[in-house]
Protein chains: 2
Amino acid sequence: MLTERQLLILKVTVDDFIQSAQPVGSNQLSKKPEIPFSSATIRNEMADLEGLGFLEKTHTSSGRVPSEKGYRYYVDHLLTPRPLPQQDIVQLRSIFDDKIAETEEVIKRSAMILSELTNYTSILLGPDVRKHVLKRLSIVPLSSDTAVAIIVTDGGHVENRVFTLPSGLDAGDIEKMVNILNERLLGVPLSNLHQRLEQETLTILKQHVNRYGELFSTFRKAVVMPQEDKVFYGGKLNILNQPDFHDLHKIRELMDVIEEAKHIPMILPVGSQGLHIRIGSENVLTAMEDCSVITVSYDIGEEQTGSIAIVGPKRMDYKRVVTLLDILSGDLSNELTRMMRGK
Amino acid sequence: MLTERQLLILKVTVDDFIQSAQPVGSNQLSKKPEIPFSSATIRNEMADLEGLGFLEKTHTSSGRVPSEKGYRYYVDHLLTPRPLPQQDIVQLRSIFDDKIAETEEVIKRSAMILSELTNYTSILLGPDVRKHVLKRLSIVPLSSDTAVAIIVTDGGHVENRVFTLPSGLDAGDIEKMVNILNERLLGVPLSNLHQRLEQETLTILKQHVNRYGELFSTFRKAVVMPQEDKVFYGGKLNILNQPDFHDLHKIRELMDVIEEAKHIPMILPVGSQGLHIRIGSENVLTAMEDCSVITVSYDIGEEQTGSIAIVGPKRMDYKRVVTLLDILSGDLSNELTRMMRGK
DNA sequence: ATTAGCACTCGACATCATAGAGTGCTAACA
DNA sequence: TGTTAGCACTCTATGATGTCGAGTGCTAAT
């Protein structure tokens, strides 16, 4: 096991490297007030820490840099959360300053402010819209052969899609169908909508609506689910600020991966609760092997959850980000639950 | 005035540089089949062209590079549009392959395919939503004190916003108000909506709806205009592919400027008709002084217009981009007008 | 157990030489 | 007189060489 002194040196080394982005030398360290040993002692300890795999050298005579194992140990055992400066808290809370009534708007703002406060990239996932339940369904005809289908959920989320109508349709039939559907489908979660549409309403429509078949089949296509969960980004370009990233090609790959919706589940583990840290190669995506990702989930009421991720270099300011995310996930949970209860 | 030979040399120089991104030397040029003169002759001509300000040297003994004036002349006088390879046309037309009923979807796809075909960044502006006219207005109550206001336009565009209701309101009153508003405001362009809301409906509401004041004022806030026109991007990251851009800091500034909505009017001159090319410092924004921007407008019906911009390095493949934009603006105009007429 | 001291290593940086691509100019040529 | 071959010259890119300094590992003294 590591001695007290080794722990101290590991911690200070990681802290220093996180702050300076430069390999840390024994002389440098010995000058710090919290380090009472000489540089020679530190050299010995550092050599041991390197032997154990916590530190690395970039070349034979360079200072030390934390290895992934070093970061992992630091994160698991050496992270002493320090309270945020008041100013940062004020800025974080400013998310809720203006009374915003829309969940999405709050999340969008959170993404922005989070990226400003960290100088990293933030990715926020809203609550799964498919868990919302149907509040109102309407069809607004635009012309003789097109109409727009609109779905309003209890969460105030609105989905809409234009679709083509079978030609020569009676306006009354549309209205009848909409009425029946609203009656039968109110309160059904969006994820079940398709199924229920077929099961329950088809026979009734058959009885009341002319040419229900054509109308129904085109309409059914229009009620496509919101394909993916909505993702909100903040500070996408902050990656360009990090001195750790200089290889343009790698940067491009990284940014590509982050924006690509299909990768999102691999970055933000949607199911998991609480705070998680993935360091370097612990990430699934190879394009992110030089990154660390901190994720946290938040709750809206009992049922719904969302998640937050911060993507930065391995040399990320873990302490600060963890504290920020802790506070924000709490705030978001409270505020969004409150907003939902109101509804 | 420039001699025939100077024109030829200027053209070939620009073409070569666009293709290779390397300064063009006299030897290199003399080897080209379309150039029958010796390198010495070319040197003389190039010296003249440099004197006239069409070419530049990066250092005393380097090959020549087009100056902005050179590009400008090339673009104005030497651009011989060459038909696109069949394959590119196929890909471009694939925008309309699946029958998409929504304008925005078509524009989104155009942005994507355009950036793929050019390897530059594309910016597309849809038709001004404020010219759409009101087709339907609804208010869906979500809870005792919140509701979502929905506006559907003739173009199939849907705007929605959650707002808070005055407490203890009668559901019937809301319905009454919505009916009156729909009756009075059908066909009003969104840009006039606010004004007409106040002018025409206020007195009538007064007569029919209890507590019209509170309800109306909160609702009025909800019917905020779509703030800006919707902007669609394609290939934002393509900037990172251009060898012309290597300074990370400049790249960041450029990407920042492009994404910032408030700069859009300076990139895409919304009013102007037809195709425009801005080279380097001809751009208003200093962050774009190393870029060229090609813009073109397209029409939807008689009234509405949208615009397209391609942002790339000054060493852009003007010929190809101009041809692509010519075709696309035509196609978009036709297709979207057709879609609109259907409505 | 700690630390001062020292030899050693290696990257960063500057200096220098060389090769090669390109130019401008001059003189010869058609 | 317009064109071109030839040549001296310029400047970058490249690689070799040397020096400096920050850092290390090891040993011996405390």
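Definitions and limits used
- Residues numbered from 1 in each chain as written.
- Chains lettered and ligands numbered in written order.
- Predicted model: local features only at pLDDT ≥ 70, side-chain atom pairs only at ≥ 80, totals over all residues.
- UniProt positions renumbered as here; feature names shortened; annotations may be inferred.
- Near = placed C-beta within 6 Å.
- Helix = DSSP H or I, 4+ residues; strand = E, 2+ residues; numbered from the N terminus.
- Nonpolar A, V, L, I, M, F, W, Y, C, P; charged D, E, K, R; others polar.
- Buried ≥ 20, exposed ≤ 12 C-beta atoms within 10 Å, placed from the backbone.
- Contact = placed C-beta atoms within 7 Å.
- Domains from an automatic or database assignment.
- Axes fitted to C-alpha atoms, helices over the stretch in contact; angles between N-to-C directions.
- Parallel < 35°, antiparallel > 145°, perpendicular 65-115°, else oblique.
- Least-squares fit on C-alpha atoms with pLDDT ≥ 70 in both.
- Pairing = 2+ DSSP bridges.

Chain A is annotated in an unreviewed UniProt entry as Heat-inducible transcription repressor HrcA of Planococcus salinus. Taken verbatim from the UniProt record of chain A, the Function (unreviewed entry) comment is "Negative regulator of class I heat shock genes (grpE-dnaK-dnaJ and groELS operons). Prevents heat-shock induction of these operons." Check the Sequence similarities (unreviewed entry) section of the UniProt entry for chain A; it says "Belongs to the HrcA family."

1. Digging into the protein's contact with DNA strand D
Residues in contact with DNA strand D amount to 20 residues; listed here are only the nearest, G25 and S26 of chain A together with T41, T60 and S61 of chain B. A total of four residues in the surface near DNA strand D trace back to one element, the largest contributor, which is helix α3 (residues 39-51) of chain A. Class assignment of the residues belonging to the surface near DNA strand D gives a composition of five nonpolar, 13 polar and two charged.

2. Structural notes on the environment of I277 of chain A
Residue and element names in this part refer to chain A. Within the fold, I277 resides in strand β8 (residues 276-279). Under the C-beta neighbour-count criterion, I277 is labelled buried, with 20 such atoms within 10 Å. Through-space distance from the C-alpha of I277 to that of L52 is 22 Å; in sequence the pair is 225 residues apart. Contact partners of I277, with chain neighbours within four places excluded, come to V75, S292, I294 and Y318.

3. Details of the domain arrangement of chain A
Residue and element names in this part refer to chain A. Looking at chain A, the domain boundaries give domain 1 (4-77), domain 2 (86-127 + 231-341) and domain 3 (130-222). Distance from the C-alpha centre of domain 1 to the C-alpha centre of domain 2: 29 Å. Residue assignment for the side of domain 1 that touches domain 2 shows that the elements contributing at least two residues are α1 (4-20) and α4 (68-77). If one sorts the elements of the side of domain 1 that touches domain 2 by residue count, α4 sits on top with four residues. Among the residues making up the side of domain 1 that touches domain 2, the classes are represented as five nonpolar, no polar and two charged.

4. Regarding the environment of I294 of chain A
Residues and elements named next belong to chain A. Relative to the helices and strands, I294 is located in strand β9 (residues 291-300). We classify I294 as buried; it has 23 C-beta atoms within 10 Å. Through-space distance from the C-alpha of I294 to that of I277 is 4.5 Å; in sequence the pair is 17 residues apart. Look past the residues within four positions of I294 in its chain and what remains in contact with it is L275, I277, A309, I310, V321, V322 and L325.

5. Let's talk about the packing of α1 of chain A against α3 of chain A
Working note: a packed helix pair is described by the angle between its axes plus the distance between those axes. Residue and element names in this part refer to chain A. Running from N to C, α1 and α3 cross one another at 85°; their axes reach a closest spacing of 10 Å. Accordingly, the angle class assigned to the pair α1 and α3 is roughly perpendicular. Facing α1, whose interface residues are R5, Q6, I9 and L10, α3 presents I42, E45, M46, D48 and L49.

6. A short note on the relation of the copies chain A and chain B
Each of the two copies of the chain can be brought onto the other by a rotation about an axis and a shift along it. Laying chain A over chain B is done by rotating through 180° and shifting 0.0 Å along the axis; what remains is an RMSD of 0.0 Å. Considering both components of the superposition, the chain copies are consistent with a two-fold axis. Scanning chain A for the C-alpha nearest the rotation axis identifies L248 of chain A, at a separation of 4.1 Å. A shared interface surface links the copies, since 100% of the contact residues of chain A are contact residues in chain B too.

7. Some details on the sheet that holds strand β7 (residues 231-234) of chain B
Residues and elements named next belong to chain B. In space, the five strands of this open sheet follow the order β7-β3-β10-β9-β8, with antiparallel pairing throughout. One side of each edge strand has no neighbouring strand; the edge strands of this open sheet are β7 and β8 (276-279). Pairs of neighbouring strands in the sheet enclose a mean axial angle of 15°, with direction left out of account. In terms of strand pairing, strand β3 (residues 121-125) meets β7 through four bridges, oriented antiparallel. Counted as the bridge partner of L124 is F232 from β7. Strand contacts of helix α12 (residues 318-341): β8, β9 (291-300) and β10 (304-313), with the helix running at about 20° to β9, the strand carrying the most contacts.

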